[in-house]
Amino acid sequence: MIRLARRLSGPLLASFLASSPAWAAVDATAVLNAKCASCHEREDAGGLSRISEQRKTPEGWLMTLRRMQMWHGLRLTEEEEKVLVKHLADTQGLAPAEAAPFRYVLERRPGVVETPDDAELATFCGRCHTYARVGLQRRDREDWTKLVHMHLGQWPTIEYQAMARDRQWFKLATTEIAAKLGQKWPLQTPAWTEWRHTKPHDLSGTWRIAGQRPGKGQYDGQMTVKRTGTDEYAVTMDVTYADGSKASGKGSAIVYTGYEWRGTVDLGGKDIRQVFTVDADGRGLSGRWFDDVENAVGGDLDGVRAERQAILAVQPPYLKVGETTRVTIVGAGLEGEVALGGAKVIKTVAAGPDRVIVEARVDASATVGPCAVSVGGTRSEDAVIVYDKVAAVRVEPSVDIARLGGGGGPIPHQPAQFQAVGYMAGADGKAGSDDDVRIGVMPAIWSAANYDAFAEELDDVKYVGVLEANGLFRPADAGINPARGELLNNNGQLTVKATVKDGAAEVEGTARLIVVPQRWNNPPIL
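Below or above, wherever it landed, is the structure these notes cover. (Residues numbered from 1 in each chain as written. Predicted model: local features only at pLDDT ≥ 70, side-chain atom pairs only at ≥ 80, totals over all residues. Heavy atoms only, no water.)

This next bit is on the sheet that holds strand S23 (residues 437-442). If you trace the three strands from one edge of the open sheet to the other, you get S19-S22-S23, paired in antiparallel fashion. For this open sheet the edge positions go to strand S19 (392-396) and S23, each flanked by a neighbour on one side alone. Averaged over all pairs of adjacent strands, the angle between strand axes in this sheet comes to 30°, irrespective of strand direction. (Pairing = 2+ DSSP bridges. Helix = DSSP H or I, 4+ residues; strand = E, 2+ residues; numbered from the N terminus. Axes fitted to C-alpha atoms, helices over the stretch in contact; angles between N-to-C directions.)

Right, let's talk about the packing of aromatic side chains for a bit. Under the criterion given, the structure shown has 11 aromatic pairs. Taking the centre distance of 5.5 Å and the plane angle of 90° together, the rings of tryptophan 195 and tyrosine 259 count as edge-to-face. With tryptophan 195 in helix H12 (residues 190-195) and tyrosine 259 in the loop between strand S6 (246-256) and strand S7 (260-267), this residue pair connects regions lying 64 residues apart in the sequence. Across the pair, exposure class does not vary: tryptophan 195 and tyrosine 259 are buried alike. Within the aromatic cluster, the residues linked to one another by ring pairs are Phe102, Tyr131 and Trp185. Sitting over the ring of tryptophan 185, lysine 184 keeps its end group 5.3 Å from the ring centre. Looking at arginine 394, its charged tip hangs above the ring of tyrosine 423, at a distance of 4.1 Å from the centre. (Phe/Tyr/Trp six-rings, centres within 6.5 Å; stacked < 30°, edge-to-face > 60°. Buried < 20%, exposed > 50% of the residue type's maximum accessible area, 1.4 Å probe, protein only. Lys NZ or Arg CZ within 6 Å of the ring centre and 35° of its normal.)

Moving on, we get to helix H5 (residues 78-91). Between its first and last C-alpha, H5 extends 20 Å over 14 residues, near the 20 Å set by a 1.5 Å rise per residue. Restricting attention to buried positions, one finds in H5 the residues Glu80, Glu81, Lys82, Val83, Leu84, Val85, Lys86, Leu88 and Ala89. (Expected span 1.5 Å × (residues − 1).)

Most often, soluble globular proteins have nonpolar side chains that are buried together. Ranked by size, the top nonpolar core spans 55 residues in total, and within it Met223, Met237, Trp261 and Trp289 carry the most contacts. Setting aside its immediate chain neighbours within four residues, methionine 223 contacts Gly205, Thr206, Trp207, Ile209, Val235, Thr236, Met237, Trp261, Gln274, Phe276 and Leu285. (Core = buried A, V, L, I, M, F, W, Y, C linked by side-chain atoms within 4.5 Å. Contact = heavy atoms within 4.5 Å.)

Looking along a regular strand, one sees the side chains alternate between the two faces of the sheet. With six of its seven residues buried, strand S17 (residues 369-375) lies for the most part within the structure. In terms of strand pairing, strand S14 (residues 338-340) meets S17 through three bridges, oriented antiparallel. Residue pairing across strands places leucine 340 opposite valine 373, the latter belonging to S17. As judged from the six bridges shared by S17 and strand S18 (residues 378-387), these two strands associate in the antiparallel manner.

Quick look at the structure:
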């Protein structure tokens, strides 16, 4: 049981989902019949009860199999577990449109504050885990009701916890809530009916990739993908950051449900996890890659096949009125004259199919706002912002959590990564209003201070950790800190401040950072 609990605590378990030994030779139907049918009855339609009545992501099915092992003594080899996850995700997964609203939890995006669209479901379900975890599964009303029974059986005190007591919780959960869940996230949907017959694409070839890594900056490069089996690939990833530094590495990936890319790559000596979604036509992909241990460290990614014609990114993605800027346009199949909205291209520094570098100047009379960028016949709308001044700075995320770790224990630290985003005043001319125009991520000077009077009294800024020059906060060690007195640990709250220089002016933005104990429970879907 100790060994199994340790396996369950892996971050996303993308390393499990992406590794590819000889498990593909195992027959999934035979494993289902041998290992699952002893408890799950055969239905008239041929499926197994409960199993055939659910649809989930690869992570969701992995969690189900692990629960069966912990709760009911199911015994699976690693190969059997892998083939079951693949089979179930492929045949009973989610369509792209169904998973899209909740990809942030699969991609481990830091600092996301959920805004549930249903207050009752947020109370009944979202008070213990993310709302996304509920939204990433599909069941009919009967099976949602059985899920309620499972919760009460495993956690009998659930009726007496906050937001559950002083009302008929069980009656509400098995009637109104189960009915609402069955209507909102039913087992059968037009999206899944259409998608389940989609044939997966062969993703072999060279991909042009680009993105933004908070704390490091923009990057671009290529990813070479070679097919090694059914929906399995060997991956080589090479990136160059805007500051000139490079990183490269190799790994592997598996594609589930025809579009759910799960990869693991040793990039620059760090194990990173890739959680991407493949476009329906198999010609593009997007998502996030992140450090296996420090999930906050990572980057967004957009990719296209190298044989396509596309603009992926503009570095930097903004031009200031009255200034001359060296601009790098990255993409695939780039050929022809460059146009940068209201900016005048002074000269071409370098040109090639993967990147074009030009110097451009924006005259004082230029119109500010989003502009299209084109190279020959290849065009990208709103790819660059022309701005006059930075009117406001917002720190992203606006609220984040870092977790203590180490201190002689096995649980790793969980840092928090911030970035400063400049904004231009909108039509109302007032900074900080809803119509502000996002300029983009900008270099900043970072500092931290105690968040409130209580934090000042305990002098949290002295003990909770260190904010580095790139906006990465590294929390202190876990455990009692004798220097704080009263048996206090290194928990606390800080105000994180970013100062952006815009000519002679300095513009500031702040965020709230909460430093809390270790992340003891770390399932594939939080």
